[in-house]
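Spelled out from the first residue to the last, the chains are:
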Amino acid sequence: IPGDGGGGGAEYEGHLALLRRRVQESATYPAAARRRGLTGTVQVELEIQPTGVIAQVALATSSSHRVLDEAALEAVRGVGRLPFPPNVRPRLLRVRLPVVFDLQ
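The following paragraphs examine the structure supplied in this document.

Rules of the game
- Residues numbered from 1 in each chain as written.
- Predicted model: local features only at pLDDT ≥ 70, side-chain atom pairs only at ≥ 80, totals over all residues.
- Heavy atoms only, no water.
- Buried < 20%, exposed > 50% of the residue type's maximum accessible area, 1.4 Å probe, protein only.
- Helix = DSSP H or I, 4+ residues; strand = E, 2+ residues; numbered from the N terminus.
- Pairing = 2+ DSSP bridges.
- Axes fitted to C-alpha atoms, helices over the stretch in contact; angles between N-to-C directions.
- Contact = heavy atoms within 4.5 Å.
- Polar contact = N/O pair within 3.5 Å; in protein donor to acceptor, adjacent residues only side chain to side chain.
- Parallel < 35°, antiparallel > 145°, perpendicular 65-115°, else oblique.
- Left-handed = near helix turned anticlockwise from the far one by under 90°.

## Observations concerning the pairing of strand S3 (residues 93-101)
Part 1: Side-chain alternation along S3 places Leu93, Val95, Leu97, Val99 and Phe101 on a buried face and Arg94, Arg96, Pro98 and Val100 on a face that remains uncovered.
Part 2: With nine bridges connecting them, strand S1 (residues 40-48) and S3 associate as antiparallel partners. Residue pairing for S3: Val44 is matched across the bridge by Leu97.

Here it is in structure tokens:
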């Protein structure tokens, strides 16, 4: 997470952990990928606006399977908005987030 010159991003860790959980919960394993036994991790870059709106979602690193890449991007976009907690100063955050597709 790029800083604003005021130190690290430790105060945002809880917020980012919630974002990761929401994305993994909303990620739908594509049926075609499941049938073919495809697995992988997609790295997604996104911005969290000070309002909590998730914007500028882009593929950072592919899973090598387009169907999984698209599902990951859709899952992140599906979160839509994640307001900052009252004890955390809202600001623009740029985040790289892994979305894992694993057949267990």
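## Observations regarding the sheet that holds S3
Part 1: Pairing is antiparallel across the open sheet formed by three strands, whose spatial order is S2-S1-S3. Two strands bound the open sheet, and with one partner strand each, they are strand S2 (54-61) and S3. The sheet shows a mean angle of 30 degrees between the axes of neighbouring strands, taken without regard to direction.
Part 2: In the packing of helix H1 (residues 13-26) onto the sheet, contacts are made with S1, S2 and S3, and the angle to S3 comes to roughly 40 degrees.

## Digging into the side chain of Ser63
Part 1: On the secondary structure map, Ser63 appears in the loop between S2 and helix H3 (66-79).
Part 2: Its relative accessible area of 10% is what places Ser63 among the buried residues.
Part 3: A polar contact of 3.1 Å, which involves the side chain of Ser63, links it to the backbone oxygen of His65.
Part 4: A distance of 2.8 Å separates the side chain of Ser63 from the side chain of Asp69, its partner in a polar contact.

## Quick look at the packing of H1 against H3
Part 1: Direction vectors running N to C along H1 and H3 enclose 120 degrees, while the axes themselves pass 8 Å from each other. Taken as axis vectors, H1 and H3 run oblique relative to one another. Our pair here, H1 against H3, has a crossing hand that is right-handed. Two secondary-structure elements touch here, H1 through Leu19, Arg22, Val23 and Ser26 and H3 through Ala75, Val76 and Val79.

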